[in-house]
Amino acid sequence: MLTRELLTLLRSTAEEVVREAGTLIHHRRASGVRVDDTKSSVNDIVTPADREAEALIVDLLTARRPSDGIVAEEGHARTPSSGITWVIDPIDGTVNYLYNLPAFCVSIAATVEDPDRYADGRRAVAAAVFNPRTNEMFVAAERLGATRNGEPIRASVDVPLGQSLVATGFGYTRERRLAQHELLGRVIGEVRDIRRFGSAAYDLCLVAAGRVDAYFEVGIQPWDWAAGALVATEAGAVTLGPSEHVPPGSDFFIAGSPGLAHQLRDLLVGS
Ligand code: LIP
């Protein structure tokens, strides 16, 4: 178990780094954004700011924590000798960033190996998610709670399924979106309403703050969930995979209060 002192240091490091990277991407957004490259589809875009922010984050973390590992969305990777690996999404909500919509975040998490917690075999122990457009800083550390702009946050509790506000998202390929459409059809008639903000990290932080009651998505990546999942669970939410025996991950990810998350899973996978 990591000491409180190390968890506090990792949390403050994460906060400092996402604030610097968030400030950078905010300035780059103001001067205009272009598509630099695409990945899984023509709509899965990369901007110069994605790459510039990731390079800045890696430099800042390397200066502070040279023995830590790196796993980053745009390709930076390093094996740790410290046992800590930083999982990095330089801009989560890249399409929102391109369209100048206010739901994009810098998301980083300090993680340790844990084969059972999430599908990628890691568990975040400290994390920060920063939305520079709304100036919202979400931070968390294991066993130390979660905050938004320094104020403690808690996920909603005891919300009946039919009165729950549920966030979700959709992938970049036609095949995946059609499969996600079918899943959405199982839920949309059973809940208060659906919200699609376009950033998994932000969705998970909204669950943590009780501003949506739950989130589900199929197809997100470890850098999408790593930080936001810790913020959500430190705020009292649970994260679920498709069954009690399969951890949350790219194939299936739910976050919410325990009762609601299990009800959503029953709808999505069938009880
Ligand atoms: C995004 C996720 C979001 C998902 C989008 C996209 P990106 O990540 O955060 O939940 O619905 O399709 O994958 O690509 O903006 O880093």
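Numbering of residues starts from 1 in each chain and follows the order in which that chain's sequence is written. Local features in this predicted model are restricted to residues of pLDDT 70 or higher, and side-chain atom pairs are both shown and tallied only at a pLDDT of 80 or more, whereas totals for entire chains, interfaces and linings draw on every residue. Remark: hydrogens and water are excluded; side-chain values derive from all non-hydrogen atoms of the structure.

### Things to note about the sheet that holds strand β15 (residues 253-256)
Here comes step 1: Here the rule is simple: two strands pair whenever DSSP picks up at least two bridges between them. Per the convention used, a helix needs a DSSP run of H or I reaching at least four residues, while a strand needs a run of E reaching at least two, with both numbered from the N terminus. Pairing within the open sheet is mixed, and its five strands lie in the order β12-β11-β13-β15-β14. Each edge of the open sheet carries a strand with a single partner, namely β12 (193-195) and β14 (238-240). The mean inter-strand angle of the sheet, taken between neighbouring strand axes irrespective of direction, is 20°.
Here comes step 2: Sheet topology places strand β13 (residues 214-217) next to β15; four bridges connect them, and they run antiparallel. Of the residues in β15, the one forming a bridge with A214 is G256.
Here comes step 3: Contacting β11 (165-168), β13 and β15, helix α5 (residues 200-208) crosses the sheet at an angle of about 155° to β13. Helix axes are fitted only over the stretch in contact, all axes being lines through C-alpha atoms; the angle between N-to-C directions runs from 0 to 180 degrees. Residues count as neighbours in contact if any of their non-hydrogen atoms are within 4.5 Å of one another.

### Side note on the layout of surface pockets
Regions of empty space are outlined by a rolling probe, equal in size to a water molecule, passed over the atoms.
Here comes step 1: Here a cavity means grid points, on a 1 Å grid over the protein atoms only, where a 1.4 Å probe fits yet cannot get out; a pocket means an open set of points with protein on both sides within 12 Å along at least five of seven lines; lining residues are those with an atom within 4 Å of a point. Grid points are joined across faces, edges and corners, and a volume is the space filled by probe spheres set on the points. One number sums up the size of the largest pocket: a volume of about 730 Å³.
Here comes step 2: D44, F170, G171, Y172 and R196 are the residues nearest the centre of the largest pocket, which is lined by 34 residues in total.
Here comes step 3: At the level of elements, β5 (85-92), α3 (94-99), α4 (174-187) and α6 (222-234) are the ones that each hand at least two residues to the lining of the largest pocket.
Here comes step 4: Here the lining of the largest pocket is built from residues that sort into 12 nonpolar, 12 polar and 10 charged. For this classification, Asp, Glu, Lys and Arg are treated as charged, while Ala, Val, Leu, Ile, Met, Phe, Trp, Tyr, Cys and Pro are nonpolar and the rest, including Gly, are polar.

### Observations concerning the site of the ligand
Here comes step 1: For this purpose, a residue is taken to be near a molecule or strand whenever a single non-hydrogen atom of the residue falls within 4 Å of it. Every one of the 16 residues lining the ligand counts as a neighbour, but D92, F170, Y172, A200 and E217 are closest to it.
Here comes step 2: The definition of a polar contact used here is a pair of N or O atoms within 3.5 Å, where within protein one atom must be able to donate a hydrogen and the other to accept one, and adjacent residues in sequence count solely through side-chain atom pairs. In the environment of the ligand, an oxygen atom lies 3.4 Å from a nitrogen or oxygen atom belonging to the side chain of E73.
Here comes step 3: Here D89 contributes a side-chain N or O atom positioned 3.3 Å from an oxygen atom of the ligand.
Here comes step 4: Only the protein chains shown count as cover for residues, and the accessible areas themselves come from Shrake-Rupley with a 1.4 Å probe. Look at the ligand: alone it shows 380 Å² of surface, and the protein chains cover 94% of it.
Here comes step 5: Placement of the ligand is best described as lying within the largest pocket.
Here comes step 6: At the level of elements, β5 and β13 are the ones that each hand at least two residues to the shell around the ligand.
Here comes step 7: Looking at the shell around the ligand, the element that brings in the most residues is β5, giving three residues. A pocket or cavity is taken to hold a molecule when more than half of that molecule's atoms are within 2 Å of the pocket's grid points.

### Structural notes on empty space enclosed by the protein
Here comes step 1: Within the structure shown, the criterion is met by one cavity of 30 Å³ or more.
Here comes step 2: Taken as a whole, the largest cavity encloses approximately 50 Å³ of empty space.
Here comes step 3: Put simply, the parts of the chain that give the lining of the largest cavity at least two residues each are α4 and β13.
Here comes step 4: Per-element accounting of the lining of the largest cavity gives the leading share, three residues, to α4.
Here comes step 5: For the lining of the largest cavity, a count of residues per class yields five nonpolar, three polar and one charged.

### Here's the deal with the nonpolar core
Here comes step 1: Buried Ala, Val, Leu, Ile, Met, Phe, Trp, Tyr and Cys residues form a nonpolar core when they are joined through side-chain atoms within 4.5 Å. Any residue under 20% of the maximum accessible area for its type is buried, any over 50% is exposed, and the rest in between are partly exposed; the area is computed with a 1.4 Å probe on protein chains only. If you look at the biggest cluster of nonpolar residues, it comprises 39 residues, and the most contacted ones within it are V129, F138, I153, Y215, W225, V231 and F253.
Here comes step 2: Elements represented by at least two residues in this core include exactly β6 (105-113), β7 (122-131), β8 (136-141), β11, α5, α6 and β15.
Here comes step 3: Contact partners of V129, with chain neighbours within four places excluded, come to C105, V106, S107, E136, M137, F138, A201, C205, A227 and G228.
Here comes step 4: Formed by 33 residues, the second largest nonpolar core is a distinct cluster that contains A14, F104, V112 and A128.

### A short note on unusual backbone geometry
Here comes step 1: One non-glycine residue, N100, adopts positive backbone phi at about 60°.
Here comes step 2: Locating N100 in the fold gives a position in the loop between α3 and β6.
Here comes step 3: Even without being glycine, R143 reaches a positive phi, approximately 70°.
Here comes step 4: Following the sequence through the fold, R143 ends up in the loop between β8 and β9 (146-148).

### Points about the pairing of β6
Here comes step 1: Taking burial as the measure, the nine residues of β6 include eight buried ones, the bulk of the element.
Here comes step 2: In terms of strand pairing, β5 meets β6 through six bridges, oriented antiparallel. In the sheet register, D89 faces β6, and the bridge partner there is S107.
Here comes step 3: Taken together, the eight bridges between β6 and β7 define a ladder with antiparallel strand orientation. Along β7, the bridge assignment pairs A109 with A127.

### Things to note about the sheet that holds strand β4 (residues 77-78)
Each strand in a sheet pairs with its neighbour through backbone hydrogen bonds, running either in the same direction (parallel) or in the opposite one (antiparallel).
Here comes step 1: Spatially, eight strands are ordered β4-β3-β5-β6-β7-β8-β9-β10 in an open sheet, and the strand pairing comes out mixed. For this open sheet the edge positions go to β4 and β10 (151-152), each flanked by a neighbour on one side alone.
Here comes step 2: Of the pairings in the sheet, the one linking strand β3 (residues 69-72) to β4 comprises two bridges and is antiparallel in character. Residue V71 lies in a different strand from β4, and its bridge partner there is A77.
Here comes step 3: The strands touched by helix α1 (residues 4-30) within the sheet are β5, β6, β7 and β8, with β7 carrying the most contacts at an inclination of about 35°.
Here comes step 4: Of the strands in this sheet, β3, β5, β6, β7, β8 and β9 touch α6, which is tilted by about 90° from β7.

By themselves, these are just geometric observations and shouldn't be taken as functional.
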